[in-house]
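Descriptive structure summary
Listed below, chain by chain, are the residues.
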Amino acid sequence: MDSGHPVVRRLTGLISERGPISVADFMEIALGDPDGGYYATRDPFGVDGDFTTAPEISQMFGELIGLWCADTWQRIGAPEAFALIELGPGRGTLMADALRAMASAPDCLTAARIHLVENSPTLRDAQKQKLHAHDVTWHERLPAPGDTSLGSLPAIFVANEFLDALPVRQFVKTGDAWCERLVAHDRAADVFAFTPTGTAIPGGPNADRLLADADEGDIFEESPAVISVAGDIAAHIAAHGGAALFVDYGHRRTAIGETLQAVRQHRPIDPLEAPGMSDLTAHVDFQRVAEVAGDHGLRSLGPLDQGAFLQRLGIRERADILRQKADDRQSRDLNAALTRLIGSSEMGTLFKVMALSEQRIELLAGFDSQS
Ligand SMILES: C[S@@+](CC[C@H](N)C(=O)[O-])C[C@H]1O[C@@H](n2cnc3c(N)ncnc32)[C@H](O)[C@@H]1O
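Cut-offs and rules
Residues numbered from 1 in each chain as written. Predicted model: local features only at pLDDT ≥ 70, side-chain atom pairs only at ≥ 80, totals over all residues. Heavy atoms only, no water. Near = heavy atom within 4 Å. Polar contact = N/O pair within 3.5 Å; in protein donor to acceptor, adjacent residues only side chain to side chain. 1 Å grid on protein atoms, 1.4 Å probe; cavity = no way out; pocket = protein on both sides within 12 Å on 5 of 7 lines; lining within 4 Å. Sits in = over half its atoms within 2 Å of the grid points. Nonpolar A, V, L, I, M, F, W, Y, C, P; charged D, E, K, R; others polar. Phe/Tyr/Trp six-rings, centres within 6.5 Å; stacked < 30°, edge-to-face > 60°. Helix = DSSP H or I, 4+ residues; strand = E, 2+ residues; numbered from the N terminus. Buried < 20%, exposed > 50% of the residue type's maximum accessible area, 1.4 Å probe, protein only. Axes fitted to C-alpha atoms, helices over the stretch in contact; angles between N-to-C directions. Parallel < 35°, antiparallel > 145°, perpendicular 65-115°, else oblique. Left-handed = near helix turned anticlockwise from the far one by under 90°. Contact = heavy atoms within 4.5 Å. Points joined across faces, edges and corners; volume = space filled by probe spheres on them.

With that settled, the discussion passes to the site of the ligand. The local shell around the ligand holds 19 residues, among which Thr53, Gly88, Gly90, Glu118 and Asn160 are the closest. A distance of 2.6 Å separates an oxygen atom of the ligand from a polar atom in the side chain of Thr53. Taking Gly88, its main chain carries an N or O atom lying 2.7 Å from a nitrogen atom of the ligand. Among the detected pockets, the ligand sits in the largest pocket. When its residues are assigned to classes, the shell around the ligand shows nine nonpolar, six polar and four charged.

The following block contains the structure:
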């Protein structure tokens, strides 16, 4: 462990002052600490980075999401002005590709007020460069319901690999209760280590329902941050109209199991090994997101596999068009990108897509025959 890294120093300082901290606090500091947090200080994408995301694999991904937004705008009644909001936009590639594709629906493009929710100064700079030709408003966090900075407009929210970056709490089945799993610092070995609290705490209705099926030592994860963001998005749509699209790793049904993982230079590592220097993620509980949306009276569609969703939006046809102008090498790259995005042993089934909408909107593109 790099004891001199600002994130490691902050975590060890906090633990020696307060005792072991929650997995959610560990994750939040490791990713978001302004002095050394993983996202705060670097651009982690691509072959030279730690991982690659769908918009960085091919322009087709962002273009199809842009066309989905234009189609959704029509379905919500083609409002004269609407907020187009991306959460966790990375390098801004998805939004740039989406806006280019939306030029085929000029009225929609004119109506769009672009908002990006990004807490990393480094990535915000990358987004500013990529989107310099557009009028964009940045937010460090999603404005709370009632905040007028989104213009009280109908909104279309888009988030690719954003929810999985939000902190999760972990609970360990201990006897006939859930106890929170915490992170301690072993001073002698100078490593972080998991430690159970031994104190029973309410894990919420889903945790309680699953308790009877869980074995001693099983782990249940819940993300208060995902619940809060999904609630704020749902509240906005319920009040002003619109829809949301989430693309992420995750499970369809709330389930027992540990999914917290770390990646560095495209390889999995121990999640406690290199805070601030590795990406930390946890699978999204899509059932929980749907429940939160339902509490606000919204409809949820999916989740369905990314591969099926992109094919319904026409990714194969888009690839055919791009291939017409491609040389041999570009054609090979295009085929490889297509396989990565929709292949069943690649992102095609690993990633899921879920949409939320006002009740009166029955269908959204891509979800037509499976919801
Ligand atoms: C895995 S990256 C995905 C980037 C992009 N959507 C893509 O697909 O290439 C996660 C993004 O979410 C941002 N992010 C993570 N936690 C955040 C938070 N709490 N508030 C705002 N942005 C956050 C990161 O800085 C980064 O832009």
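A few words on the packing of aromatic side chains. Here a ring pair, both rings aromatic, is described through the centre-centre distance and the interplanar angle of the planes. All told, the structure shown has seven aromatic pairs when counted by the stated rule. Aromatic pair Trp178 and Phe220: ring centres 5.8 Å apart, planes at 40°, arrangement tilted. One end of the pair, Trp178, is in strand 7 (residues 177-186); the other, Phe220, is in strand 9 (residues 219-222), with 42 residues separating them in the sequence. Here the two residues Trp178 and Phe220 agree in accessibility, since each one is buried. When the centroid spacing of 4.4 Å and the interplanar angle of 35° are considered together, the rings of Tyr249 and Phe351 count as tilted. Of this pair, Tyr249 sits in strand 10 (residues 242-251) while Phe351 sits in strand 16 (residues 351-357); the two residues are 102 residues apart in sequence, bridging distant segments of the chain.

Turning our attention to the packing of helix 1 (residues 6-18) against helix 2 (residues 23-32). With their axes 9 Å apart at the nearest point, helix 1 and helix 2 run at an angle of 150° to one another. Taken together, the axes of helix 1 and helix 2 are roughly antiparallel relative to one another. As helix 1 runs across helix 2, the sense of the crossing is right-handed. Contacts between helix 1 and helix 2 involve Val7, Arg10, Leu11, Leu14 and Arg18 from the former and Asp25, Phe26, Ile29 and Ala30 from the latter. Taken together, the residues of the contact of helix 1 with helix 2 sort by class into six nonpolar, no polar and three charged.

Its boundaries defined by the atoms lining it, the largest pocket holds a volume of some 1,200 Å³. Considering the residues around the largest pocket, the lining is formed by 46 residues, among which Gly32, Asn119, Glu140, Phe162 and Leu166 are closest to the centre. At the level of secondary structure, the elements contributing two or more residues to the lining of the largest pocket comprise helix 1, helix 2, helix 3 (38-41), helix 4 (54-57), strand 2 (82-87), helix 6 (93-102), helix 8 (121-130) and helix 10 (224-240). If one sorts the elements of the lining of the largest pocket by residue count, helix 2 sits on top with five residues. In terms of residue class, the lining of the largest pocket is built from 22 nonpolar, eight polar and 16 charged. Along the wall of the second largest pocket there are 18 residues; nearest its centre are Phe51, Thr52, Tyr249, Val263 and Phe351. For the lining of the second largest pocket, the secondary structure elements donating two or more residues are strand 11 (261-264), strand 12 (267-269), strand 13 (279-281) and helix 15 (347-350). In terms of residue class, the lining of the second largest pocket is made up of seven nonpolar, five polar and six charged.

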